[in-house]
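Architecture at a glance
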2 protein chains.
Amino acid sequence: MNSIRIETIKRLLRRDALTHLRKIVNKTHAADISVIFPFLSLSNQHKLFDMIADTQQKGILFSELGEDTFLNFIEALELDEIAEILETMPADDVADLIGRLPHEKSSAILEKMKKEESEEVEGLLHYSDDTAGGIMVPDFIALKEDTTAKDAIGSLQKEYLNVEMPFYLYVTNEHGKLLGVCSLRQLVVVPPDTPLKAFMSADVFAVQTYTDQEEVAKIVARYDILAVPVVDDTNKLVGIVTVDDVIDIFRKEATEDFLKMAGVGAEFVETKSVLKSMKIRLPWLFASCLGGIFAFFIIGRFEESLSKFTYLAAFIPVIMGMGGNIGTQSSTIVVRGLATGLLNIKEIWSVVLKELAVGFMLGLVYGSLIALVAQVQYTLPAVGISVGLSVICSMSVAALVGSLVPMIFARINIDPAVATGPFVTTSVDIISVFFYFQIATILLGI
Amino acid sequence: MNSIRIETIKRLLRRDALTHLRKIVNKTHAADISVIFPFLSLSNQHKLFDMIADTQQKGILFSELGEDTFLNFIEALELDEIAEILETMPADDVADLIGRLPHEKSSAILEKMKKEESEEVEGLLHYSDDTAGGIMVPDFIALKEDTTAKDAIGSLQKEYLNVEMPFYLYVTNEHGKLLGVCSLRQLVVVPPDTPLKAFMSADVFAVQTYTDQEEVAKIVARYDILAVPVVDDTNKLVGIVTVDDVIDIFRKEATEDFLKMAGVGAEFVETKSVLKSMKIRLPWLFASCLGGIFAFFIIGRFEESLSKFTYLAAFIPVIMGMGGNIGTQSSTIVVRGLATGLLNIKEIWSVVLKELAVGFMLGLVYGSLIALVAQVQYTLPAVGISVGLSVICSMSVAALVGSLVPMIFARINIDPAVATGPFVTTSVDIISVFFYFQIATILLGI
């Protein structure tokens, strides 16, 4: 349905059928409009944007646009209009957008916004982007512990109408310290005169303002909750992180891990220009280039062996390939296992030994198979045995390196996703080639 | 905090300090207890389990356990106890668990459950696991369009107290067909006598029972909603999918894509035995083995060139490595881009041409660098030129194949993640080696 509507919008733009276009645009959710934005000219972007009647939908569009598209687009907008749109948005989303702007522009916009709103946003700007403080919203429901269930319902209907996600009622003392939590449902089940402290749960899962956003997301996912309260150093409740942000965090972190493992930075590059994409991918390939040149010098040392047994060269691809592939398997399992919590860095030895066992056994299987092919082709048993042994060594070492490297990185607090990919493939290449020629030189008695 | 508590539980189990253990266990969320379960003996698992006082927490523990751990654990449980625990759980989670059991056992348990609950579960078992029908819960709030806001609040406090996530009120006609939706918040803002139809939103994002779960998850994420209604072929409302399931879907799908790209099946293998892990990883390595043997025969064809210029062999690793790595970059970008919706299969040519351009330009950079090394080492210009040209060819082709293959797979409805990894690396290896020796043979005039 949505992709059809998108095609329709594009077609109407080409035909300049403005009346019809306006109707469609206002029937379409801004999240869907944001999808076509990057493919439109700046003037068409503004044409669509001006047609949106609901300021709140304009705000949703703002949050959904990619960074580059957003920055280009708002160049030509009046500061007043921007401020008016931002006022309709949750403070955490505004802080995200404002943080991308040059300082002069952002302070000019903040000045135009209502004081209450801009103060909330400025409060959030102090926290680092990827911490609980950076993604929390400052509007939550906080009531005193002596409040009765009936009064609580009353204040929900009065003071707290504008709270974005009113699912939990947090209970705080007179200094705003977090004491407990109760759910909307509990509120209507208990007798109306019961004070909150009588049925609140005191065992609240709270996070600190500086807690890493991935940690926050894991807590929300693990306990199946809709929001997690954020407290400062003194246990004062300062905000909540809601489940919709948690979904975004998981998707973003998974994409980042994918890209890092493949050596393509942490941001999605395909929507950037060829030159930018090149610049991001170049350094990662440099590691592999250095590794290849290193392997070249290793093979150079064995030139004598090669000149006597030329066909040794023909096995280089299969030995490198088998090592490289099982290394990728091992490191992917470990990196993803650590990210999802299915593996624990404390189990480093049991994981690595198991991988080593798997690598060795698979090495036996494929080493025999490839040795057989070598034997059939070159009858000289020493060739078959050299190749077979090399495959076993290469696959065992690759499984070992592939699992050990991300485990060690995680242990010393280096992101295992970012460093593992290039490091593992490059070192496995070098080690495989070296083992192969060393074994062959000995067995062939060169 | 949690990892400390886990260590404490393990220690208390070793010491058999039962009273203390019981206290800790009942203070710990079942999701945390589930983390240590796989590392405990069966008898210790039962010891912990029997200490849990809250039946609902036992249910949470059930849903959080891995498939193998769960099946082993419940072997020794009484059917009555299992049924009692399942009755406290949401119907979709029960259907998941029941679906894993052998048919005899599952029907015996369903018979022991309350009729109302078991019917709900049996209804869900008809739907395939990875569709909206398989993950929906059948308890939702549905009211007629003439109901007033006041009466709606009244029925929330009476009939709908047990609804798992009471955030949206769905409006249906007398046949149960979905007409619209309104939020809890709207209910308290409008005058009490307003009928629902006056303020409900008729533009509901609904999914079909057979909609793929990934599609469902994307809708919830895109529109930042907490639940999406599921309708059957006649537009009758039959269930809702809630945001907590959506988080699980995204995490599971990301893990699956990671593992598939690396050729390790779709399920996390590290928690399985060495033998099971081997069995899953073996076939993917077979593709790479075949490719390696193919490359071996290609190189065999150029034995004459190799015997004249032995050192040609020394460049095989760097040429294969550069091609392989840029191929992985391209395919990762495309596979992840398609999964997140940042890329669209309709843009196949613009994406592939851009990747080709990036591959060619990076090929120029690294081709020149590697040619320079070759030139310095072997002074013969033809060697340097051959190697440089081969790197350019290999990297261009790899970027092309790496982006084209997943795009084509997606187009013909094959999961791009599952087929891309082994296919791309293997074909890039073969193509690189062939180009290299062909170019060298021509330029060196062999």
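Every value quoted in this text rests on a predicted model; they were computed, and no experiment measured them. Think of each chain on its own: its residues are numbered from 1, step by step along the sequence as written. Here every chain gets a letter starting at A, and every ligand a number starting at 1, in the order they are written. Local features are withheld for residues below a pLDDT of 70 in this predicted model, meaning they are given only at 70 or higher, and side-chain atom pairs are given and counted only at 80 or more; totals for whole chains, interfaces and linings count all residues. Water and hydrogen atoms play no part in the side-chain values, which are based on all heavy atoms of the structure.

This brings us to the overall build of chain A. Check the secondary structure of chain A and you find 22 helices and six strands. A globule of 446 residues ought to have a C-alpha radius of gyration of about 22 Å, yet chain A, at 30 Å, is considerably larger. Reported as C-alpha extents along the three principal axes, the dimensions of chain A are approximately 90 × 65 × 40 Å. Scored against the burial criterion, the 446 residues of chain A give a buried share of 55%. Working rule for contacts: check all heavy atoms of both residues, and any pair within 4.5 Å makes them a contact. Taking contacts inside chain A between residues at least 6 apart in sequence as the whole, the part at least 24 apart equals 66%. Methods summary: accessible areas were calculated by the Shrake-Rupley approach with a probe of 1.4 Å, and residue burial reflects only the protein chains presented. Carbon together with sulfur atoms contributes 57% to the accessible area of chain A, which is approximately 19100 Å² in total. Taking the 37 positively charged and 55 negatively charged side chains of chain A as two groups, their mean positions are separated by 6 Å. Numbering of helices and strands runs from the N terminus, with a helix taken as a DSSP run of H or I at least four residues long and a strand as a DSSP run of E at least two residues long. Restricting the calculation to C-alpha atoms gives the radius of gyration, and the globule rule supplies 2.2 Å times the number of residues raised to the power 0.38. Under the scheme applied here, a residue whose accessible area is under 20% of the maximum for its type counts as buried, over 50% as exposed, and between as partly exposed, the area being computed with a 1.4 Å probe on protein chains only. None of His or the chain ends enter the tally, which takes Lys and Arg as positive and Asp and Glu as negative. For charged residues, the charge sits on one atom: NZ in Lys, CZ in Arg, CG in Asp, CD in Glu.

Note on the identical chains: chain B maps onto chain A by a rotation of 180° and an axial translation of 0.1 Å, with an RMSD of 0.1 Å. Given the turn and translation reported, the copies of this chain are related as if by a two-fold rotation axis. Of all interface residues in chain B, 99% are interface residues in chain A too; the two copies therefore contact each other through one and the same surface. Least squares is the method for superposing the copies, and the C-alpha atoms it fits come from residues with pLDDT of at least 70 in both.

Right, let's talk about a negative patch on the surface for a bit. For patch detection, residues must exceed 30% relative accessible area and be free of salt bridges, and they are connected within 9 Å for like charges or within 5 Å for nonpolar side chains (Val, Leu, Ile, Met, Phe, Trp, Tyr). Here, a salt bridge means any side-chain nitrogen of Lys or Arg that lies within 4 Å of a carboxyl oxygen of Asp or Glu. A cluster of acidic residues, A:Asp96, A:Asp129, A:Asp130, A:Asp212 and A:Glu215, forms a negative patch at the surface. Note on placement: A:Asp212 falls in the loop between β4 (207-208) and α15 (213-222).

The next thing to look at is helix α19 (residues 316-340) of chain A. All names here are of chain A. Along its 25 residues, α19 runs 36 Å from first to last C-alpha, staying within 8% of the 36 Å computed at 1.5 Å per residue. A large share of α19 lies buried, amounting to 24 of its 25 residues. Backbone geometry just downstream of α19 places Gly-341 in the positive-phi region, at approximately 85°. Any helix carries an expected span of 1.5 Å times its number of residues minus one.

Here we come to the packing of aromatic side chains. Two rings from Phe, Tyr or Trp (for Trp, the six-membered ring) form a pair when their centres sit within 6.5 Å of each other. Planes less than 30 degrees apart are called stacked, planes more than 60 degrees apart edge-to-face, and all others tilted. By the definition in use, this model includes 34 aromatic pairs over all chains. Arranged with centres 3.8 Å apart and planes meeting at 10°, the rings of A:Phe205 and A:Tyr223 form a pair that is stacked. A residue pair is termed long-range when its members are at least 10 positions apart, and A:Phe205 in the loop between α14 (196-199) and β4 and A:Tyr223 in the loop between α15 and β5 (227-231) qualify at 18 residues. Classification of A:Phe205 as partly exposed rests on a relative accessible area of 26%. Residues B:Tyr436 and B:Phe437 carry aromatic rings whose centres are separated by 5.0 Å and whose planes lie at 55° to one another, so their mutual orientation is tilted. For the pair B:Tyr436 and B:Phe437, one class covers both residues: buried. Here the aromatic cluster, defined as three or more aromatic residues joined through ring pairs, consists of A:Phe296, A:Phe297, B:Phe309, B:Tyr311, B:Phe315 and B:Tyr378. The cationic tip of A:Lys58 hangs over the ring face of A:Phe49; the distance from NZ or CZ to the ring centre is 4.9 Å. Over a ring means this: the NZ of a Lys or the CZ of an Arg is within 6 Å of the ring centre and within 35 degrees of the ring normal.

Following the UniProt record, one finds the feature "transmembrane region" (unreviewed entry) at residues 282-299, 311-335, 356-376, 382-405 and 417-439 of chain A. Secondary structure content for residues 356-376 of chain A is 100% helix and 0% strand, and the end C-alpha separation is 29 Å. UniProt positions are given in the numbering used here, feature names are shortened, and annotations may be inferred rather than shown by experiment.

All names here are of chain A. A full pass over the atoms with the stated rule returns 25 salt bridges over all chains. For Glu-119, the salt bridge identified is with Lys-115, shortest N-O distance 3.6 Å. Taken together, the positions of Glu-119 and Lys-115, both in helix α10 (residues 115-125) and four residues apart, correspond to about one turn of that helix. Since its relative accessible area comes to 46%, Glu-119 is described here as partly exposed. According to the relative accessible area criterion, Lys-115 is exposed, its value standing at 63%.

The next subject is the nonpolar core. Here, the term nonpolar core denotes a set of buried Ala, Val, Leu, Ile, Met, Phe, Trp, Tyr and Cys residues that are joined through side-chain atoms within 4.5 Å. Counting residues in each nonpolar core, the largest one holds 144 residues, and the members touching the most others are A:Leu48, A:Phe62, A:Leu86, B:Leu48, B:Phe62 and B:Leu86. Those residues in contact with A:Phe62 that sit more than four places away from it in its chain are A:Phe49, A:Phe70, A:Phe73, A:Ile74, A:Leu77, A:Ile82, A:Ile85, A:Leu86, A:Met89 and A:Leu97. By size, the runner-up hydrophobic cluster in this structure holds 92 residues, among which are A:Tyr378, A:Val424, B:Leu362 and B:Ala374.

Turning next to the sheet that holds strand β3 (residues 178-183) of chain A. All names here are of chain A. Read from one edge to the other, the open sheet built from three strands follows the order β1-β2-β3, with strand pairing classed as mixed. The open sheet is flanked by β1 (142-144) and β3, the only strands paired with a single partner. Strand-to-strand, the axes of this sheet are offset by a mean angle of 35°, without reference to chain direction. Pairing between strand β2 (residues 168-172) and β3: five bridges, direction antiparallel. Across the sheet, residue Thr-172 finds its bridge partner in β3, namely Leu-178. Paired strands, as defined in this entry, are two strands with at least two bridges between them according to DSSP. Angles shown run from 0 to 180 degrees and are taken between the N-to-C directions of axes, each axis being a line fitted to C-alpha atoms and, for helices, limited to the stretch in contact.

A common way to report how large an interface is uses the accessible area buried once the components associate. If you look at the interface, chain B gives 116 residues, while chain A gives 115 residues. Both faces combined, the contact of chain B with chain A buries some 10000 Å², and carbon together with sulfur accounts for 70% of it. Linking chain B to chain A there are four salt bridges. Among the ionic pairs, B:Arg222 bridges to A:Asp32, the shortest N-O distance being 2.7 Å. Here a polar contact is recorded for every N or O atom pair within 3.5 Å, except that within protein the pair must consist of a potential hydrogen donor and a potential acceptor, and residues adjacent in sequence are included only if both atoms are side-chain atoms. Viewed at the interface, chain A and chain B are joined by 20 residue pairs in polar contact (both at pLDDT 80 or more). In terms of residue count, helix α17 (residues 274-301) of chain B provides more of the side of chain B that touches chain A than any other element does, 19 residues in total. Polar here means any residue outside two lists: the nonpolar Ala, Val, Leu, Ile, Met, Phe, Trp, Tyr, Cys and Pro, and the charged Asp, Glu, Lys and Arg; Gly therefore counts as polar. Broken down by class, the residue content of the side of chain B that touches chain A amounts to 69 nonpolar, 25 polar and 22 charged. A quick way to say it: buried area is the sum, across both parts, of accessible area lost when two parts are put together, with a 1.4 Å probe.

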